[in-house]
2 protein chains.
Amino acid sequence: MDEFALIRRLTERRTRTGAALPPLAVGIGDDAAVADWPSGSQIVMSCDTMVQEVHFKRVTMKDSDVGYKAMASNISDIAAMGAIPRYALLSLSAPKNVPVSRLDNLYEGLYECAEQFGVTVAGGDTTSTPGEIVLAVTIIGEIEQGRALVRSSARPGDAVFVTGYPGCSAAGLHYLLGRQQAADSIGELTQPYRFLVQAHQRPQPQVKAARMLLQSGFAGALNDVSDGVASEAAEIAEASGVGLLLEEGRLPVHPDLAEYARLASREPLDWILGGGEDYQLLGTVRPEGVNELAALFSRHGIPLAIVGEVSERFTGVRLLRRSGAIEPVDKRGYNHFDN
Amino acid sequence: MDEFALIRRLTERRTRTGAALPPLAVGIGDDAAVADWPSGSQIVMSCDTMVQEVHFKRVTMKDSDVGYKAMASNISDIAAMGAIPRYALLSLSAPKNVPVSRLDNLYEGLYECAEQFGVTVAGGDTTSTPGEIVLAVTIIGEIEQGRALVRSSARPGDAVFVTGYPGCSAAGLHYLLGRQQAADSIGELTQPYRFLVQAHQRPQPQVKAARMLLQSGFAGALNDVSDGVASEAAEIAEASGVGLLLEEGRLPVHPDLAEYARLASREPLDWILGGGEDYQLLGTVRPEGVNELAALFSRHGIPLAIVGEVSERFTGVRLLRRSGAIEPVDKRGYNHFDN
C-alpha cells in the first residue's frame, strides 16, 4: 500500500462516524487543511510525542490505547491552559513491516479520543522508519483573548487543588509491567487492577473541569498532571516564584490505589507525587473562590480536592506529613529525608 | 541533560537572534503556547515528517540542512495554499547517544528557515527513541477567508505554470548519493554541482510567489512540487476532474541541470517529471491573467514558466513531446511508451 492509499485508508473512513465535529473549509488531501477561526480568540498550540519502547510497550498498551492516549495527552495540554481543543495533526512513523492492522488500531484510538473531545483531525503524515513506532500529535485550541491559565499566576494565599486521583496511572503501569503479558490479553480485569489499568491506558483529559475553572474567574495557575503531582507543583512554584505546601492528609487516594499499594507493599504517596500520565489538573484557586468552586465541581460530579496552599515564605514544594513534619519534595516526588 | 534542560537549550537561545517575529502571548515552557489570531482569517494547518535513512542520509544532508529542509517543506505546504506561514511546532525523536551538537545543528537549521520566512516556533517536544532521528514539523498559517488555493480549482483553458527549475533537487541528490562522502565535507563545490546540491539541501519555499498569485485574482489550482512535476500535475488533474497537457519544449531546464544530466548521461526530463523536493509551485492560471502574471513575476525576479494547458478532452497528465507526439505520463513521471 503506498503512502497516499494508506493515509486515505487511515483517515477517510472516519468521516462515516457521524460525529458532529466542525467541518474543515478544506479537508485532508490538499497541501494543508483550512479551518474557520472565530474572531476575538487566541490560538493555543502544543505537541507531544509517543515512542514505542520509550513511552509504551506492547505489554502495557494495546495499539488503540496508544492512539487514544497520544490524543488524550495532547488534549490535556490544551485543557491545562483553560482552552478548548479544536484541531489535531498526526505524524506517524512506523517500520515497513508493521501490519496495517496495527496502524488501523492506532488511528481507531486517536479518532475515538478526538471525537470524544470534539477535536477535528486536520492533517496527517505517515512515514516509514527503520526504528520503532513514533507518534507525534500536534493539537490546536482556542481560548478567549488574554484568559490563558498559565503556570506563573499562583499567588500567596491561593489554595492548591487537584482533580481526580493522581497516582492511579503509575500504579496501573506498575501492575502491567509486573504482569508481562501482552496488553491485549488483559480482558476483563477485576478490581483493584481494572481501574488502575484504565487510568493508565485511557486517561481522561479534564477539558470540562478546566473550562469551569476559567469561567469561574477564581483560577490561579494551572498544569496538567503529566509528570506527577510533585513535578507539576514544582513547575507552578518556580514559574510563579512562590512555595507550594501540600498536605499528605489531603492528597486524595483512590480506594483501588490504596488496595493495590497494600498488595504490592508500596506507598500510594510515591505514585501520587512521583508517578505521571494521569492528565488530571493541578492548580491554584483564589481563596475567596474555594467554596464556590468546590460546590460547582460537586454538582458536576468532578472530583476536586484542596490539597494545600501557596506560600510566600519559601520557594519550591514542601509536604506537610501526617506526623506534622514539613519536608521538601523534589521534582521527581522524592522527599529529601525519607529516601 | 534532562528533557527540560534540552528543550530550554534548543529553544531559549533563539530569542537572542533579534528577528522581528510576532511575539507569543504565552511562550514555550507552559503546557501550550498561545498566540493572537487576526479576525476574518482562516487557519491553515499541515505537518510533515523527516526520518533519517528514509528522507535523508548523512551523505546527503548536514544536520543543519535537515532542520532547514524540514521547516522549508512544511512552509511550502502553507505556500501551496496561498497562505502566510505563522507558527511551527517541532517534534524531535533522537537516539540517546546522539551528540547534543547534532541536535543543536538541526535546530539551527530549523530556526534559520523559520526566521527567514517569519515563522514563530511555538512549541517543541524532544523524546528519545531506540531508532533513527525522526523530525516532525507542524506548521500553522493564516489566509483570507475563503481564498485558499486548492487542487480542485483548475478549469479547462487555464494555463499551467511552474516556478523555478524543478528537477534540480533530484539531480543534486543523485550527485550526493553517487559521491558517498559525508555531506558536511562538501565545502565549496563548483558548478554545476553547487546549484543542484543547494536545491536539494536548502530548497526555498515559494511563499512570496504564492501570495502574488493569490492577490492577482487569476490563480486556479495550486500545488507545491514535493513529489515531482508529474505527480503534482496528476493531483491537480484528478482533484479538478480535468486533463493537464504539459509541453516538453516549455518545461524550464536549468543550465546546471542540463550540464549535470549530460555528464551523468541522464535525461533532465526524468528528474523534472519524476524527481521531487524542489518545493517550487505548480499550478494553473486563468488565461486572461497569463500576461499580467508573467510581467509581475518578471518584475519581482521570480522565474515563472507557462508549461502547458488545462483540457476537458482527457483526464490525467499528457506530455506533448518535441517530436509532436502526445504521451500519457503517470504519477511517477514515467511515460507509458518510452519506459
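Keep in mind the model is a prediction, meaning the values are calculated, not measured.

K.L.:
Please give an account of the UniProt feature "binding site: substrate" (unreviewed entry) in chain A that cites residues and values.
P.N.:
If you check UniProt for "binding site: substrate" (unreviewed entry), the listed places come out as His55(A), Glu277(A) and Tyr334(A) in our numbering. Summarising the element assignment, His55(A) is placed in the loop between β2 (41-51) and α2 (63-79). Contacts of His55(A), omitting those with residues within four sequence positions, involve Thr49(A), Met50(A) and Thr127(B).

K.L.:
Tell me what's going on with the interface of chain A and chain B, and back it up with residues and numbers.
P.N.:
Counting from both sides, the interface comprises 60 residues of chain A and, opposite them, 60 residues of chain B. Regarding the contact of chain A and chain B, the summed buried area is about 4400 Å², with carbon and sulfur atoms giving 60% of it. Together, Asp31(A), Ile43(A) and Met45(A) form the three largest contributors to the area buried by chain A at its contact with chain B, with a combined 16%. Counting the contacts that link chain A with chain B gives four salt bridges. For the salt bridge of Arg151(B) with Asp31(A), the shortest nitrogen-to-oxygen distance reads 3.1 Å. If you look at where chain A meets chain B, you find 19 residue pairs in polar contact (both at pLDDT 80 or more). Broken down by secondary-structure element, the contributors of at least two residues to the side of chain A that touches chain B are β1 (33-36), β2, α2, β3 (84-94), β4 (120-128), β5 (134-144) and β7 (219-224) of chain A. Broken down by element, the side of chain A that touches chain B gets its largest block of residues, ten residues, from β2(A).

K.L.:
Describe in detail helix α3 (residues 100-116) of chain B, supporting the description with residues and values.
P.N.:
Residue and element names in this part refer to chain B. The end-to-end C-alpha distance of α3 is 24 Å, a good match for the 24 Å that 17 residues give at a rise of 1.5 Å each. Residues of α3 that are buried: Arg 102, Leu 103, Asp 104, Leu 106, Tyr 107, Gly 109, Leu 110, Tyr 111, Cys 113 and Ala 114. Directly after α3, the chain includes Gly 118, whose backbone phi takes a positive value near 70 degrees.

K.L.:
Mind laying out the pairing of strand β11 (residues 316-320) of chain A, listing which residues take part and the relevant values?
P.N.:
All names here are of chain A. The alternating pattern of β11 places Val 317 and Leu 319 on a buried face, while none of Gly 316, Arg 318 and Leu 320, on the opposite face, is buried. Here five bridges tie strand β8 (residues 243-247) to β11, and the two strands are oriented parallel to one another. What sits directly across from Gly 243, in β11, is Gly 316. Pairing between β11 and strand β12 (residues 326-329): four bridges, direction antiparallel. Pairing of Leu 320 across the sheet is with Ile 326, part of β12. In textbook terms, the turn of a hairpin is the stretch between consecutive antiparallel strands, and for β11 and β12 this stretch comprises five residues, one of which, Gly 324, has a positive phi near 100 degrees.

K.L.:
Describe the relation of the copies chain A and chain B, naming the residues involved and giving the relevant values.
P.N.:
Overlaying chain A on chain B yields an RMSD of 0.0 Å, the required transformation being a rotation through 180 degrees with an accompanying axial translation of 0.0 Å. Read as a symmetry element, the transformation amounts to a two-fold axis. Minimal C-alpha separation from the rotation axis in chain A is found for Gly131(A), amounting to 1.8 Å. Interface residue correspondence from chain A to chain B reaches 100%, placing this contact among same-surface, isologous pairings.

K.L.:
Lay out the nonpolar core with the relevant residues and their values.
P.N.:
Formed by 59 residues in total, the largest nonpolar core has its most connected members in Met71(A), Met81(A) and Leu213(A). At eight residues, α2(A) tops the list of elements feeding residues into this core. When near neighbours in sequence (up to four residues on either side) are disregarded, Leu213(A) contacts Leu149(A), Phe161(A), Phe218(A), Ala219(A), Leu222(A), Leu281(A), Leu293(A) and Phe297(A). Listed in part, the 58 residues of the second largest apolar core include Val26(A), Cys113(B), Ala209(B) and Ala219(B).

K.L.:
Describe the environment of Leu189(A), listing the residues and the values that go with them.
P.N.:
Of note, Leu189(A) is situated in the loop between α4 (168-179) and α5 (193-201). Ignoring any residue separated from it by four or fewer positions in sequence, one finds Leu189(A) in contact with Tyr175(A), Arg194(A) and Val197(A).

K.L.:
So, the domain arrangement of chain A: which residues are in play, and what are the values?
P.N.:
All names here are of chain A. On domain assignment, one finds that chain A holds domain 1 (3-144) and domain 2 (151-329). Once you take the C-alpha centre of each, domain 1 and domain 2 turn out to be 26 Å apart. The interface is formed by 26 residues belonging to domain 1 together with 26 residues belonging to domain 2. When the two sides are added together, the surface that domain 1 and domain 2 hide from each other amounts to roughly 2200 Å², 56% of it contributed by carbon and sulfur. In terms of surface lost to domain 2, no three residues of domain 1 exceed Val 59, Thr 60 and Lys 69, which account for 26% of the buried area on that side. On the surface where domain 1 and domain 2 come into contact, there are four salt bridges. The salt bridge involving Glu 112 is made with Arg 202; its shortest N-O contact spans 3.0 Å. Counting every contact that joins domain 1 to domain 2 gives ten residue pairs in polar contact (both at pLDDT 80 or more). Those elements that place two or more of their residues in the side of domain 1 that touches domain 2 are α2, β3, α3 (100-116) and β5. Top contributing element to the side of domain 1 that touches domain 2 by residue count: α2, with ten residues. Here the residues of the side of domain 1 that touches domain 2 sort into twelve nonpolar, six polar and eight charged.

K.L.:
Residues and numbers for the pattern of salt bridges, please.
P.N.:
One pass over the structure, following the stated rule, counts 36 salt bridges over all chains. The partner of Glu144(A) in a salt bridge is Arg211(A), with the nearest N and O atoms 2.5 Å apart. Residue Glu144(A) is located in strand β5, and its partner Arg211(A) is located in helix α6 (residues 207-216); the two are separated by 67 residues in the primary sequence. Three or more residues joined by partner-sharing salt bridges are found here, namely Asp30(A), Asp31(A), Arg151(B) and Glu235(B).

Reading guide: rules and limits
- Residues numbered from 1 in each chain as written.
- Chains lettered and ligands numbered in written order.
- Predicted model: local features only at pLDDT ≥ 70, side-chain atom pairs only at ≥ 80, totals over all residues.
- Heavy atoms only, no water.
- UniProt positions renumbered as here; feature names shortened; annotations may be inferred.
- Helix = DSSP H or I, 4+ residues; strand = E, 2+ residues; numbered from the N terminus.
- Contact = heavy atoms within 4.5 Å.
- Buried area = accessible area lost by both parts, 1.4 Å probe.
- Salt bridge = Lys/Arg side-chain N within 4 Å of Asp/Glu carboxyl O.
- Polar contact = N/O pair within 3.5 Å; in protein donor to acceptor, adjacent residues only side chain to side chain.
- Expected span 1.5 Å × (residues − 1).
- Buried < 20%, exposed > 50% of the residue type's maximum accessible area, 1.4 Å probe, protein only.
- Pairing = 2+ DSSP bridges.
- Least-squares fit on C-alpha atoms with pLDDT ≥ 70 in both.
- Core = buried A, V, L, I, M, F, W, Y, C linked by side-chain atoms within 4.5 Å.
- Domains from an automatic or database assignment.
- Nonpolar A, V, L, I, M, F, W, Y, C, P; charged D, E, K, R; others polar.

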